[in-house]
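Structural overview for review
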Amino acid sequence: MLFCYLDASRQNLMRPQQLITILLAGSVVLLSVQCTQSPSESTLPAKHIADAARMAAIIEPTVSASVDSNLTLRLWAVDSLVADPVSIDIDDVGQLYYTRTNRQKHAEFDIRGHQDWEIESIRLQSIEEKREFLHRALAPEKSGKNQWLSDLNGDGSHDWKDMTVERENIYQLRDTDGDGLADESRLLVSDFHEEVTDAAGGILRHGNDLFVGIGPDLWRYQFDDQFVRQKTSISHGYGIHIGFSGHGMSGIEVGPEGKIYWQIGDIGFSGKDQTGKLWHHPFSGVIVRSNPDGSDFEVFSYGNRNTHEFTFDEYGNLISEDNDGDHAGESERLVYVVNGADIGWRTHWQFGKYHDPQNNGYNVWMDEKLYIPRFDGQAAYIVPTIRNFVNGPTGFVYNPGTALGDQWKNHFFVAEFVGNPTRSGIHAFTLKPEGAGFAFGSSSMIVSGVLATGLDFGPDGALYAGDWIDGWGTKNYGRIWKIDSKTPATLRTQVKQYLAEDFSKKTIEDLAGLLRHEDMRVRQKSQFELAARGDSGAEALANALQSKHQLERIHGIWGLRQMAGKQPALGEKLVPLLSDADPEIRAQAAKWLGDMRFKGASATLRSMLKDPYARARFFAAEALGRTADATATEGLIELLRENDDQDVYLRHAAALALARIGNAGKLVSLVSDPSRAVRLGAVVALRRMQHEGIKEFLKDKEERVVVEAARAINDDESIAGAMESLGAALLESKFTSEALIRRAINANLRLGTTASMDRLIQYAGRESAPVALRQEAI
């Protein structure tokens, strides 16, 4: 077994014979970190920093950080224990895990430094195509051209084989003496070094599993506190393109129903699930989920550029902050992510003609304003941002209920990373319900002057933050900060005790009582244990549905959903809740009955499409789509009509449900419906189905509907059977929308026929047309 040591002078890992002592403030301090040669071997007990408190006391005054007057900022892990922390996760006993990348320079290429690769990279459709591309672009015979790539394997050639040398690392940090400072670091895993391996991203400790997101796979390790055992890929296909650095896998979370959620940025995903079904999203990021063993996989949402992390609130709402496209004038987007959402971004909007002076400068993302909150006329197929907020979001968490102090309850926290600590920090903000979605509440910057990366709450109720220190590149050192309240919430000591306990030893009665605890980590831990108890646990969860405590009832719903994968009949216990007096309980029951594809509640769900509570209508529509209930078609159309295109979430839910039901003939017949909102919904549904009948909507009397149909026919993989109609619309259309005309011009280019060339010539000669569009036609 190989020992490695990290020294305080911020040098690289050294072998034992290179071990040195550091003179620090008059004391000789031994600094060391162990690592293992093989990820299948266990680490030996790690050696400690002899005087972590003294080191922290020296470092803290040198950091020019500011903190909210109600909070404190203290160093928890000093530079010598931490190296380049990316994502962090803290387990139930306060041990911190983080990913550290070594491959940033020699494997996680940034396309901005390789613009000659752009076109070929964008064409890539799978990990195997990416592997073939790298073998070709970095072939040994091209070594002379690729001197920029270090000869890491020492064979005298600068080629793709040098990308298989450096490994990614996973560390565990511990405070072994309980003094409030980490004093031990163990390198749990040093692995992941294929030529297609991306940089280390997300990490999650969940029970006896350690989940690690390092493209092209999500890995599941069997783990206890001393041993990292066999690893298994539970999902493959992440990171197809050479894109912007830092757009890889990250943000692993446990969902309300016990599934694992994770994401990849806009370097794309294309992979098969355990049933052999192909999920193909090569041109955007995705948020996906599955059971912990990889079964029951699905793409939950897509169209994100780089949602580094996301989180769930106490009602199971998934909130994210997505990085912008780095175009002048835009900002990052705060998004309520719902099932099936298209958040709007596509990889190719980053590159190509936008920096080519000989081509047009039209940028779909910017010119069609897909990056800003909802406005009348915005593309209907996307779920838009709630608000443009902060820049360079990385870590993202939600207060579980008792963390920090009472004033921070119901707050989200996001790290702002812009490469410079003086312009970076951590923001706290709130959301407030608005229709079926949310509006922005209030915000404040609680920490500034720290280049924060990952965030997580510890069982002690403090907020922990990784610190990249400065810049964008790796540097072999970093820190972990602890942010805490000057007036801690009263239940924090009790919560810490509960989280550290073995709940498998608790009685059913004790577990049931904890479903109403103020901290959602305790509630969730109780829920998960009850779900593991079989019939007795199911009975306790069902009993919780009768409680007067709303959150206890909600965890009862989630727990029964968690068990329904093996016991589908448990859905029957949720059906009565669809008529509950509490509107949120109606909404939750509808959501999770749909999630389990329970078909025994169709009639009640159809009636809920007129529920006075918008979230209940939303989740009823979603549920009817999840079960592909054809009898709901008219009700969903009526929901579109009554909504009148006001609530984007209701429009999304109804259109997606109609697409999942799949009655294309009915949708096409809506071309004559008097409601524009209905026709728009039909277009969005047909776009989802990739059905050529969408071409009928190119004849619509309103420009907005025609533009939406043109987007659907031209964009993404396109709808080939409708392309001729879109090309013909160049001359037939009475409308002047640039978004429409550009797509009609593009359709004629792609058709490549004599007729399409004639249409381009005629349009180019139309003196009334805008000069820029006539030039585009030429």
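Quick notes on the rules
Residues numbered from 1 in each chain as written. Predicted model: local features only at pLDDT ≥ 70, side-chain atom pairs only at ≥ 80, totals over all residues. Heavy atoms only, no water. Pairing = 2+ DSSP bridges. Helix = DSSP H or I, 4+ residues; strand = E, 2+ residues; numbered from the N terminus. Phe/Tyr/Trp six-rings, centres within 6.5 Å; stacked < 30°, edge-to-face > 60°. Buried < 20%, exposed > 50% of the residue type's maximum accessible area, 1.4 Å probe, protein only. Lys NZ or Arg CZ within 6 Å of the ring centre and 35° of its normal. Arc of directions from axis to C-beta. Contact = heavy atoms within 4.5 Å. 1 Å grid on protein atoms, 1.4 Å probe; cavity = no way out; pocket = protein on both sides within 12 Å on 5 of 7 lines; lining within 4 Å. Points joined across faces, edges and corners; volume = space filled by probe spheres on them. pLDDT = per-residue confidence, 0-100. Salt bridge = Lys/Arg side-chain N within 4 Å of Asp/Glu carboxyl O. Axes fitted to C-alpha atoms, helices over the stretch in contact; angles between N-to-C directions. Parallel < 35°, antiparallel > 145°, perpendicular 65-115°, else oblique. Left-handed = near helix turned anticlockwise from the far one by under 90°. Polar contact = N/O pair within 3.5 Å; in protein donor to acceptor, adjacent residues only side chain to side chain. Lys, Arg positive; Asp, Glu negative; His and termini not counted.

Concerning the sheet that holds strand β19 (residues 310-312)
As summarised here, the arrangement of the four strands in space is β19-β20-β21-β23, forming an open sheet in which the pairing is antiparallel. Each edge of the sheet is formed by a strand with only one pairing partner; in this case those strands are β19 and β23 (387-388). As defined by bridge partners, strand β20 (residues 318-322) adjoins strand β21 (residues 333-337) across five bridges and the pair is classed as antiparallel. Paired with Ser320 across the strands is Val335, a residue of β21.

What about the packing of aromatic side chains?
According to the stated counting rule, one finds 33 aromatic pairs in the structure shown. Arranged with centres 6.4 Å apart and planes meeting at 90°, the rings of Trp345 and Trp349 form a pair that is edge-to-face. With a relative accessible area of 0%, Trp345 lands in the buried category. With a relative accessible area of 6%, Trp349 lands in the buried category. Positioned above the aromatic ring of Phe503 is the side chain of Lys506, whose terminal nitrogen or guanidinium carbon lies 5.4 Å from the ring centre.

Some points on the pairing of strand β26 (residues 425-434)
The buried fraction of β26 is high, at seven of 10 residues. Sheet topology places strand β25 (residues 412-416) next to β26; five bridges connect them, and they run antiparallel. Each residue of the ladder has a partner; that of Val414, found in β26, is His427. Taken together, the nine bridges between β26 and strand β27 (residues 437-448) define a ladder with antiparallel strand orientation. Counted as the bridge partner of Leu431 is Phe440 from β27. Linkage of β26 to β27, two consecutive antiparallel strands, is achieved through a turn of two residues, within which Gly435 is found at a positive phi near 60°.

Looking at unusual backbone geometry
Excluding glycine, residues mostly carry a negative phi; peptide bonds, for their part, are mostly trans. Across the junction of Gly215 and Pro216, the peptide omega takes the value 15°, indicating a cis bond. Among the structural elements, Pro216 can be located in the loop between β10 (209-214) and β11 (217-223). With a phi angle near 55°, Lys369 is a residue other than glycine that sits in the positive phi range. Positionally, Lys369 belongs in the loop between α4 (364-367) and β23.

Some words on helix α5 (residues 492-500)
Every buried residue of α5 is accounted for by Arg492, Val495, Tyr498 and Leu499. Taken around the axis of α5, the buried residues stretch over an arc of 120°, which confines them to a single face. Looking at the buried residues of α5, the elements they touch are β30 (479-485), α6 (508-514) and α7 (520-531).

Description of empty space enclosed by the protein
A full pass over the atoms with the stated rule returns five cavities of 30 Å³ or more. Its volume calculated, the largest cavity comes out at about 160 Å³. As for the largest cavity, its lining consists of 19 residues, of which Phe300, Gly316, Asn339, Lys591 and Glu622 are closest to the centre. Of all elements in the fold, only β21, α10 (583-595) and α12 (614-626) reach the threshold of two or more residues within the lining of the largest cavity.

Describing the confidence of the model for the protein
With 93% of its residues at a pLDDT of at least 70, the protein reaches an overall mean of 91. Across residues 1-45, confidence stays below pLDDT 50; counting only partners more than four residues off in sequence or on other chains, it has 111 contacts.

Examining the pattern of salt bridges
Evaluated as defined, the whole model comprises 60 salt bridges. Close ionic contact of Glu60 with Arg74 constitutes a salt bridge, the shortest N to O distance being 3.1 Å. Taken as a pair, Glu60 in the loop between α1 (52-59) and β3 (66-67) and Arg74 in strand β4 (residues 71-77) lie far apart in primary sequence, 14 residues in all. Glu60 sits in the buried class, given a relative accessible area of 18%. Ionic pairing is found between Asp595 and Arg289, a salt bridge with its closest N-O pair at 2.4 Å. With Asp595 in helix α10 and Arg289 in strand β17 (residues 285-290), this pair connects stretches of sequence that are 306 residues apart. Assigned by exposure class, Asp595 and Arg289 land together as buried. By sharing partners, the salt bridges in this structure join Arg374, Asp376, Asp645, Arg651, Arg676, Arg679, Asp700, Glu702 and Arg704 into a single network.

Digging into the packing of helix α14 (residues 648-661) against helix α16 (residues 676-689)
Contact pair α14 / α16: the axes reach a minimum separation of 8 Å and the direction vectors enclose 45°. It follows from the interaxial angle that α14 and α16 lie oblique. For the crossing formed where α14 meets α16, the hand is right-handed. Contacts between α14 and α16 involve His652, Ala655, Leu656, Leu658 and Ala659 from the first element and Gly681, Val684, Ala685, Arg688 and Met689 from the second.

Comments concerning the sheet that holds strand β28 (residues 452-457)
Read from one edge to the other, the open sheet built from four strands follows the order β4-β30-β29-β28, with strand pairing classed as antiparallel. For this open sheet the edge positions go to β4 and β28, each flanked by a neighbour on one side alone. Along the sheet, successive strands turn relative to each other by an average axial angle of 25°, direction set aside. As paired strands, strand β29 (residues 463-467) and β30 are joined by five bridges and run antiparallel to one another. Note on β30: the bridge partner recorded for Gly466 is Ile480.

Comments concerning helix α8 (residues 535-544)
Within α8, burial applies to Gly537, Ala538, Ala540, Leu541, Ala542 and Ala544. Looking at the buried positions of α8, the neighbouring elements they touch are α6, α7 and α9 (550-563).

Let's talk about the side chain of Glu298
Checked against the element boundaries, Glu298 lands in strand β18 (residues 298-304). Its relative accessible area of 7% is what places Glu298 among the buried residues. In terms of polar contacts, Glu298 uses its side chain to reach the side chain of Arg289, at 2.5 Å. Ignoring any residue separated from it by four or fewer positions in sequence, one finds Glu298 in contact with Trp279, Val288, Arg289, Asn339, Arg597 and Arg626.

Structural notes on the side chain of Lys591
Secondary-structure assignment places Lys591 in helix α10. Within the buried core, Lys591 has no salt-bridge partner, and the shortest N-O distance to an opposite charge, that of Glu622, equals 6.2 Å. Setting aside residues up to four positions removed in sequence, Lys591 forms contacts with Gly316, Phe619 and Glu622.

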